[in-house]
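Structural overview for review
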Amino acid sequence: MKYLISKNYLFLLLVVSFFITSCSDSGTGVEGELAPEIPNLEDGIPEFDYFKAKVLNKIESQTGENFMIAASLTAAVEAIMTGFSSLPTTFTASAEGVNAELENGVWTWSYTSAGAGASVTIRLTAEVKVAQTDWAMYLSASNGELSFDNYKFIDGFVKNTSNGGQWNFYDFGGEQSTPVMSYTWDIESESEATFEITFGESSFSGFTYEKNLPDNTLTISDDNSSTSTIYWNTDSGTGYYLNSDQEQVCWDENGDNVSCF
């Protein structure tokens, strides 16, 4: 399946990633008020240790192709989920140590990086509500070739219980009313959680990982409504892969091919 992100958007990420390492402090604190903590989003990043452990244990032995297909697909999805779900942390972490200003109920952190003929200013905002804190990030940058002001890069929310939230990413140079990608997570407990990435306007395009231990289900969907499912049981060690053609293949606790029942 294909997910299109503009070249300008990718270029923007490179510019920001390069200059974000040296931020200048700006803004002043407000006496008597405490700004919300910059969210730590590491808990919102899923891991598929089941496949990693099995691959390591089987590194010198023959493992069934059914399991290996599922392991390869899961590794690819995990890389995408980890990359996008951790991306906001890259930027929000840069606000650590920067004083926030409070105006009309909205906290704002502002910091600037400059060098090699380019400048990037990041403005992070937070509005605390009863059940969640709404976050947004705006970028202004110029490097001679690229120049833009107050571009909304990310918005979303984090539950005040820190166990769930949503990030929306917007395409540089495009409409900012509809995100090009949304990442949502909801963690009920260590054994029960849901993580989802949706691309574009289609709810049928993306990845959904549902954990209800010992059951784990990863669903991969494209914009043609084709769906593939990977299931594994962390107690029994067994699992199956059901592709978009509805052909199901299974493996046993050793990762060897078995007939599906």
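Residues numbered from 1 in each chain as written. Predicted model: local features only at pLDDT ≥ 70, side-chain atom pairs only at ≥ 80, totals over all residues. Heavy atoms only, no water.

**Comments concerning the packing of aromatic side chains**
- Per the counting criterion, the structure on display carries 11 aromatic pairs.
- With a centroid separation of 6.2 Å and an interplanar angle of 40 degrees, the aromatic rings of tyrosine 151 and phenylalanine 153 are classed as tilted. Grouping residues by exposure puts tyrosine 151 and phenylalanine 153 together as buried.
- Clustering of aromatic rings is evident, with ring pairs tying together Tyr50, Phe67, Phe195, Tyr209, Trp232 and Trp251.
- The lysine or arginine in question, lysine 152, covers the ring of tyrosine 170, its NZ or CZ lying 4.4 Å from the ring centre. (Phe/Tyr/Trp six-rings, centres within 6.5 Å; stacked < 30°, edge-to-face > 60°. Buried < 20%, exposed > 50% of the residue type's maximum accessible area, 1.4 Å probe, protein only. Lys NZ or Arg CZ within 6 Å of the ring centre and 35° of its normal.)

**Some details on the confidence of the model for the protein**
- Per-residue confidence for the protein gives a mean pLDDT of 78; residues scoring 70 or more make up 75%.
- Counted against residues more than four places away or in other chains, residues 1–11, with its pLDDT under 50, gives 22 contacts.
- For residues 18–32, every residue scores under 50 in pLDDT, and the model assigns this stretch 38 contacts once sequence neighbours within four places are set aside. (pLDDT = per-residue confidence, 0-100. Contact = heavy atoms within 4.5 Å.)

**Remarks on the nonpolar core**
- Core analysis: the biggest nonpolar cluster contains 48 residues, and Phe51, Trp109, Trp232 and Trp251 have the highest contact counts within it.
- Setting aside its immediate chain neighbours within four residues, tryptophan 232 contacts Phe48, Tyr50, Phe51, Tyr209, Pro214, Asp215, Asn216, Leu218, Thr238, Gly239 and Trp251. (Core = buried A, V, L, I, M, F, W, Y, C linked by side-chain atoms within 4.5 Å.)

**Here we look at the pattern of salt bridges**
- Summed over all chains, the structure comprises 3 salt bridges.
- Among the salt bridges present, the one from aspartate 134 reaches lysine 129, with a minimum N-O distance of 2.7 Å.
- Taking the shortest distance from any N to any O, the salt bridge between lysine 152 and aspartate 155 comes out at 3.3 Å. Residue lysine 152 shares its accessibility class with aspartate 155, and that shared class is buried. (Salt bridge = Lys/Arg side-chain N within 4 Å of Asp/Glu carboxyl O.)

**Observations regarding the side chain of serine 221**
- Tracing the backbone shows serine 221 in strand β10 (residues 215–221).
- A polar contact of 3.5 Å, which involves the side chain of serine 221, links it to the side chain of threonine 227. (Helix = DSSP H or I, 4+ residues; strand = E, 2+ residues; numbered from the N terminus. Polar contact = N/O pair within 3.5 Å; in protein donor to acceptor, adjacent residues only side chain to side chain.)

**Some thoughts on unusual backbone geometry**
- Note the cis peptide between leucine 213 and proline 214, where omega equals 10 degrees.
- Among the secondary structure elements, proline 214 is positioned in the loop between β9 (206–212) and β10.
- With a phi angle near 55 degrees, asparagine 104 is a residue other than glycine that sits in the positive phi range.
- Along the chain, asparagine 104 falls in the loop between β1 (101–103) and β2 (106–115).

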